[in-house]
Amino acid sequence: MKNNKLKVLLPLSLSIVAVLGVCASIVNKSYNTVKSESVPYVLEIANLTDSATSGQATVKTSKGNDVKINFDGLTGGEGILVNNGSTIEIDLSTPVSSIKSVEFCDCGAYVDIDIETGFEYDGSITYYNLKEITDYMNAASISRDIDDNPNYMKLSFENTSSFSAIKITYSCAPHSNPYAYDTTGDYLCKINSDGDSYTLVDYIGTDTVLTLPSTVNGLPVTEIYDGFLYNNKIVTSVTIPSNYKSIGYNSFYACNFLSTLNLSEGLESIGQNVCEYCYGLESISIPDSVTMISSAAFMCCTNLKTVTINATSKLTYLYSAAFRKTGISTFFVPKTVKVMTADLIYCSNLTEIVVDPENTIVKSIDGILYDYDVETLLRYPEGKVGDTYIMPNTVTEVNNYAMDNCPVKHLTLSSSLEVFGDYQDFNYLESIDWNNAPLTELNSYTLCGNQIEDLYIPEGIKYIGFRVFSDSSSVSIHLPSTIEGIGETAFYNCDDLTNLYFNGTVAEFGEVTISDTAFTGCTSLTCVTCTDGNFTL
């Protein structure tokens, strides 16, 4: 049994979202000549749990193998909080040849940690933002003393601490990879199950401008595998040939220097998070052949200002947050779209949403997105010019988030409105005309942040829910006689609220179910003025 002892003091904080990507910096060129060499992986564990103190999870690497994680003895809460006796056990499943590095990120306090492995440890321990570490260079021990499972790694903690993430870079044992790899230049590829085509798995070169290979061993390359250029900090331009049919999950995730992505006609599917956090992208042209853009595909590409989708597009599926938090000012929905989620285009610069008039599921009126029958308001653009919105009287429902952060100052509701969805942040709203809408409930964050100085809640409203008026600037609010319940933090942090009126008697207000936290932060409010006197809060 090999025992390598090394001490380093590290802190910790967990929760489990495991994101796995290729670590190109440690790939050796020898992979070009051997089909089944050791392939490097990066396992990142962050945000393990919000509340549970023990549990387990299974995550899949960018190369397709599962990693199982068990944790015990943690403290619930945001991030990962460890205690004396806390353990994190990691089963990397695929036989491991060696660990290249273990990195602890955003260490908040010291932790005494023992690391036991079933494989060689020939790398290093690194740490980021560890406070006052000078005198604590010998607080971790590493040993190879787990003989019954060569893929196993156990972290044992001996004091209380926290951190944001732990990253493990490792290599699979030769001839034990889940796939046999072929090569073409600096690319690793695997043959597909049909035996007639290849998938591009990895790039191990240093060129900044890439034109991906069309063929390998005379067979076409048709797919880009998950995590292909994950977190690459070198490549600036990628051209994808016309024989590629799909781009996998996270393929260009956080490629911050990628400024040009040329997609060719023939591409059919753009996977989840493909270009998320690609800050260098300023424009993208979607080929007509693409039928699906998956969730968060271009999310947080903050400099992406132009998305070209043609009227001749075959695009059918547009999923959640696909272009959320980009810099686009206009978005076009072609006639072929059959499935879409309205939150795909939450963008602060968005001024209009244009829909092909032949589309049968959604409709645009004055740049605002509705369902085809104009019964549901799907999205009011955050950057739309103008401060007044008169909702069509056919609208019966406002979707959750539909008017979140919209610039409207003067709002007239539909006379048919029955459901006013949650999470509408009205930071600019100065007046509202309820228009006799048959509303009975305001559930969560419905009018939070509003600037209406004297706000009247209409008769018929029975319930005011979680943070409906939180952070609003209202000085006076008038409650209807129909009110039956006021939920948690409904008026949270309304520190300008001085007058709260109830259109009923003190006795009647006494029958209203009111959460203990309903008026938290209302520092200027002491009572409710009723028709026959004051009700003391």
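Our structure is the block above this text.
Residues numbered from 1 in each chain as written. Predicted model: local features only at pLDDT ≥ 70, side-chain atom pairs only at ≥ 80, totals over all residues. Heavy atoms only, no water.

**Student:** Would you take a moment to explain the overall build of the protein for this structure?
**Tutor:** Each helix and strand counted, the protein has 1 helix and 47 strands in total. Every one of the 537 residues in the protein was classed for burial, and the buried ones make up 52%. Counting contacts in the protein only where the partners sit at least 6 residues apart, residues at least 24 apart contribute 48% of the total. Summed over its atoms, the accessible surface of the protein is roughly 21,900 Å², and 46% of this surface lies on carbon and sulfur atoms. (Helix = DSSP H or I, 4+ residues; strand = E, 2+ residues; numbered from the N terminus. Buried < 20%, exposed > 50% of the residue type's maximum accessible area, 1.4 Å probe, protein only. Contact = heavy atoms within 4.5 Å. Areas by Shrake-Rupley, 256 points an atom, 1.4 Å probe, with all protein chains shown as cover.)

**Student:** In this structure, what is going on with the environment of Cys-300? I would like to understand it.
**Tutor:** Note on placement: Cys-300 falls in the loop between strand S25 (292–293) and strand S26 (306–309). Taking the relative accessible area as the measure of exposure, Cys-300 reaches 10% and is therefore buried. Considered as a pair, Cys-300 and Glu-276 are 24 residues apart in the sequence and their alpha carbons are 5.8 Å apart. Once residues lying within four places of it in the same chain are set aside, the contact partners of Cys-300 are Tyr-277, Tyr-279, Arg-324 and Lys-325.

**Student:** What is the right way to look at the sheet that holds strand S32 (residues 368–371) in this model?
**Tutor:** Across a sheet, strands are paired by hydrogen bonds formed along the backbone, either parallel or antiparallel in direction. In space, the 5 strands of this open sheet follow the order S31-S32-S33-S35-S37, with mixed pairing throughout. Across the chains shown, the open sheet's two edge strands, defined by having one partner strand only, are strand S31 (362–365) and strand S37 (419–420). With 2 bridges joining them, strand S33 (residues 376–379) and strand S35 (residues 397–398) adopt parallel strand pairing. Bridging across to S35, Leu-377 finds its partner in Val-398. (Pairing = 2+ DSSP bridges.)

**Student:** Please clarify how the pairing of strand S44 (residues 499–502) should be interpreted in this entry.
**Tutor:** Sheet faces and side chains relate simply in a regular strand, where the side chains alternate between the two faces. With burial as the criterion, only one face of S44 is covered, namely that bearing Leu-500 and Phe-502; the residues Asn-499 and Tyr-501 on the opposite face remain uncovered. Two strands pair when backbone bridges link them, and strand S42 (residues 476–479) and S44 are joined in this way by 4 bridges, in the parallel orientation. Note on S44: the bridge partner recorded for Ile-477 is Leu-500. Taken together, the 2 bridges between S44 and strand S46 (residues 527–530) define a ladder with parallel strand orientation. Paired with Tyr-501 across the two strands is Thr-529, which belongs to S46.

**Student:** How should the sheet that holds strand S45 (residues 513–514) be read in this particular structure?
**Tutor:** Taken together, the 4 strands give an open sheet; going across it, the order is S39-S41-S43-S45, and neighbouring strands pair in parallel fashion. Each edge of the sheet is formed by a strand with only one pairing partner; in this case those strands are strand S39 (441–442) and S45. The sheet contact formed by S39 and strand S41 (residues 463–464) spans 2 bridges and is parallel. When the bridges of S41 are listed, Glu-441 appears paired with Tyr-463.

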